[in-house]
Amino acid sequence: MGAEHFEHYLPLIESVRRYAKETKRFTKPLFPGYVFAQIPLALKSRIYQQDLLARAIPVDDEARFLRQLSDVRAIVASGLMLSLHPLVKRGARARVVGGPLRGLEGVIDDPDNPKGIVLCVDVLQQGLLVKVPLEDLEALP
């Protein structure tokens, strides 16, 4: 992207891994698989000709997206600890993608105070609340 002089941004964060006898520090993308770029419409075909990316995602509300990206830049630049969390809504269906309950599907309890997901037992008109870390959940359509 830089060689083509396209304005772009790849938010990177520092990650620390502890192994038996040592600690390793490295940088990794905050949003794996995504690079943010502003490309004039007339030059959009250049990104595909150069094999610079697999797919471009159009943005409907560019002003809103640029504000959010500015907020991301500020947070990354602050050096404060941060982690990526899925955006989930109360009542949304989700699947457990990690841990001993992998594959289980349920309903998000309360993302503001995440206690887990509720497994619905419709026949009994009951639900079973189980604590699942947010990083182990995947939102379902």
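Data block above holds the structure.
Note that the structure is a prediction, hence the values are computed from the model and not measured.

*Asks:* So what's going on with the nonpolar core? Which residues, and what values?
*Replies:* One finds Ala94, Val96, Ile108, Ile117, Val132, Leu134 and Leu137 forming the largest nonpolar core, which totals seven residues. Counting six residues, the second largest nonpolar core, distinct from the first, contains Tyr9, Leu30, Phe36 and Val72.

*Asks:* Which residues make up the packing of aromatic side chains, and what values do they have?
*Replies:* Geometry of an aromatic ring pair is reported as the spacing of the ring centres plus the angle between the planes. A complete count under the given rule lists two aromatic pairs for this structure. Ring geometry for Phe31 against Phe36: centres 5.9 Å apart, planes inclined by 90°, an arrangement best described as edge-to-face. Judged by relative accessible area, Phe31 falls into the partly exposed class, the value being 23%. With 5.8 Å between their ring centres and 50° between their planes, Phe36 and Phe65 make a pair best called tilted. Separated by 29 residues along the polypeptide, Phe36 in strand 4 (residues 36-38) and Phe65 in helix 2 (residues 62-78) bring together distant segments of the chain.

*Asks:* How would you explain the pattern of salt bridges if you had to name every residue and give the values?
*Replies:* Within the structure shown, the criterion is met by five salt bridges. In this structure, Arg25 engages Glu14 in a salt bridge whose closest nitrogen and oxygen atoms are separated by 2.7 Å. Residue Arg25 is found in strand 3 (residues 23-29), and its partner Glu14 is found in strand 2 (residues 12-18); the two are separated by eleven residues along the sequence. Taking relative accessible area as the criterion, Glu14 reaches 53% and is therefore assigned exposed. For Glu105, the salt bridge is made with Arg93, and the minimal N-O distance between the two is 3.6 Å.

*Asks:* Break down helix 2 for me, citing the residues and quoting the values.
*Replies:* The end-to-end C-alpha distance of helix 2, which contains 17 residues, comes to 24 Å, matching closely the 24 Å that a straight helix rising 1.5 Å per residue would cover. With its phi angle positive at about 80°, Gly79 sits one or two positions after the end of helix 2.

*Asks:* Any details on a nonpolar patch on the surface? Residues and values, ideally.
*Replies:* Together, Leu10, Leu12 and Val35 give the surface a local cluster of nonpolar side chains, amounting to about 230 Å² of exposed area. Residue position: Leu12 is located in strand 2.

What counts and what doesn't
Residues numbered from 1 in each chain as written. Predicted model: local features only at pLDDT ≥ 70, side-chain atom pairs only at ≥ 80, totals over all residues. Heavy atoms only, no water. Core = buried A, V, L, I, M, F, W, Y, C linked by side-chain atoms within 4.5 Å. Buried < 20%, exposed > 50% of the residue type's maximum accessible area, 1.4 Å probe, protein only. Phe/Tyr/Trp six-rings, centres within 6.5 Å; stacked < 30°, edge-to-face > 60°. Helix = DSSP H or I, 4+ residues; strand = E, 2+ residues; numbered from the N terminus. Salt bridge = Lys/Arg side-chain N within 4 Å of Asp/Glu carboxyl O. Expected span 1.5 Å × (residues − 1). Patch = residues over 30% accessible without salt bridge, like charges linked within 9 Å, V, L, I, M, F, W, Y side chains within 5 Å. Areas by Shrake-Rupley, 256 points an atom, 1.4 Å probe, with all protein chains shown as cover.

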